Amino acid sequence: MIGGTDTVTRCPASLDRPGPRPVFHRTSLLEFAPLPGAIPCARLHAVAVLHEWGLRDLADDAALIVSELMTNAADAAAILPDRPPITLRLLASEKSLIIEAWDHSPRDLELTEADADAECGRGLTVVAALSDRWGWERTGDPRKLVWAELALQARRPPV
Ligand SMILES: Nc1ncnc2c1ncn2[C@@H]1O[C@H](COP(=O)(O)OP(=O)(O)O)[C@@H](O)[C@H]1O
Ligand SMILES: [Mg+2]
């Protein structure tokens, strides 16, 4: 468990908007060792959960976002001496899906523009392109999370 007893319903502070806090009626949280095998597991888990939640039309974009965020989290955690676990959390409200990747790295995100011919440095560009908003925050020392939000209404006709 991360972040105390209220983590299930709290969204990232950097995502908070004025007005009432969103109510997350669906949540999922899974921890992984920071190993390469964690990434396909996290992706498959996210797709299965979104199907269960009736959000299958978000599954393709979410799977890519999960891959990029969890790859970065695993990279950041794998170089730490005790290789602390990384966490995938999914939150769904009536309005949006939030994907969070947690790690314990003291390294902050330093965003740089990838060169046109660079082979790396594109993961967060993909996250930005596929999500409606994204961001990161430090939630403890040294815990941090990187999040991406996908609006439901823009993609799904009301039922
Ligand atoms: N969870 C993270 N912790 C620390 N640094 C990160 C994290 N995620 C991303 N970064 C930093 O942002 C950079 C850009 O990430 P990304 O766009 O995914 O490209 P790449 O992973 O190919 O370098 C990374 O190289 C890293 O320096
Ligand atoms: Mg990356």
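Remember, predicted model here, so these are calculated numbers, not experimental data. (Residues numbered from 1 in each chain as written. Chains lettered and ligands numbered in written order. Predicted model: local features only at pLDDT ≥ 70, side-chain atom pairs only at ≥ 80, totals over all residues. Heavy atoms only, no water.)

Description of the packing of helix α2 (residues 59-78) against helix α3 (residues 123-130)
Helix packing geometry: the angle between the two helix axes and the distance between the axes. Remark: α2 packs on α3, axes separated minimally by 9 Å, with the N-to-C direction vectors making an angle of 150°. The two elements α2 and α3 cross, and the hand of that crossing is left-handed. Of α3, the residues touching α2 (which contributes D61, L64, I65, E68, L69 and N72) are G123, L124, V126, V127 and L130. Grouping the amino acids of the contact of α2 with α3 by side-chain chemistry returns 7 nonpolar, 2 polar and 2 charged. (Axes fitted to C-alpha atoms, helices over the stretch in contact; angles between N-to-C directions. Helix = DSSP H or I, 4+ residues; strand = E, 2+ residues; numbered from the N terminus. Left-handed = near helix turned anticlockwise from the far one by under 90°. Contact = heavy atoms within 4.5 Å. Nonpolar A, V, L, I, M, F, W, Y, C, P; charged D, E, K, R; others polar.)

Examining the site of ligand 1
In the neighbourhood of ligand 1, 13 residues make up the surrounding shell, with N72, D103, G121, L124 and K144 lying closest. Within the side chain of R107, one N or O atom sits 3.1 Å away from an oxygen atom of ligand 1. Take L124: an N or O atom from its main chain is 2.9 Å from an oxygen atom of ligand 1. Against a free-state accessible area of 530 Å², the protein chains account for coverage of 78% of ligand 1. Only α2 and α3 provide two or more residues apiece to the shell around ligand 1. When the residues that make up the shell around ligand 1 are grouped by side-chain class, the tally is 4 nonpolar, 3 polar and 6 charged. (Near = heavy atom within 4 Å. Polar contact = N/O pair within 3.5 Å; in protein donor to acceptor, adjacent residues only side chain to side chain. Areas by Shrake-Rupley, 256 points an atom, 1.4 Å probe, with all protein chains shown as cover.)

Examining the confidence of the model for the protein
Looking at the protein as a whole, its pLDDT mean stands at 87, while 83% of the residues score no less than 70. In the model of the protein, strand β4 (residues 133-138) stands out as the element of lowest mean pLDDT, 95, in contrast to helix α1 (residues 38-52), which has the highest, 98. Segment residues 1-8: pLDDT under 50, and 13 contacts once partners within four positions in sequence are set aside and those in other chains are kept. (pLDDT = per-residue confidence, 0-100.)

Examining the side chain of S105
Inspection of the secondary structure assignment puts S105 in the loop between β3 (96-103) and α3. What makes S105 buried here is its relative accessible area of 2%. A polar contact of 3.0 Å, which involves the side chain of S105, links it to the backbone nitrogen of R107. (Buried < 20%, exposed > 50% of the residue type's maximum accessible area, 1.4 Å probe, protein only.)

Overview of the sheet that holds β4
The strand order β1-β2-β3-β5-β4 describes an open sheet built from 5 strands, whose pairing is antiparallel. Edge positions in the sheet fall to β1 (26-32) and β4, since each has one partner strand and no second. Taken pair by pair, the neighbouring strands of this sheet meet at an average axis angle of 15°, ignoring direction. The pairing of β3 with strand β5 (residues 144-151) spans 8 bridges and is antiparallel. Residue pairing in the sheet places I99 in a bridge with A148 of β5. The sheet contacts of α2 involve β1, β2 (86-92), β3 and β5, and relative to β3 the element is tilted by about 15°. (Pairing = 2+ DSSP bridges.)

Topic: the packing of α1 against α2
At a minimum axis separation of 9 Å, α1 and α2 run at an interaxial angle of 145°. Crossing of α1 against α2: the hand is right-handed. On α2, the residues that touch I39, A42, R43, A46, V47, L50 and H51 of α1 are A59, A62, A63, V66, S67, M70, T71 and A74. Per-class residue counts for the contact of α1 with α2 are 11 nonpolar, 3 polar and 1 charged.

Looking at the nonpolar core
With 31 residues, the main nonpolar core has W53, L69, M70, L88, L97 and I99 as its most contacted residues. Among the elements of the structure, α1, α2, β2, β3, α3 and β5 are those that each provide at least two residues to this core. A per-element tally of this core places α2 first, with 8 residues. Beyond its immediate sequence surroundings of up to four residues, L69 is in contact with I99, A101, L124, V127, V146, W147 and A148. Counting residues in hydrophobic clusters, the runner-up holds 7 residues, among them L15, W102, L145 and W147. (Core = buried A, V, L, I, M, F, W, Y, C linked by side-chain atoms within 4.5 Å.)

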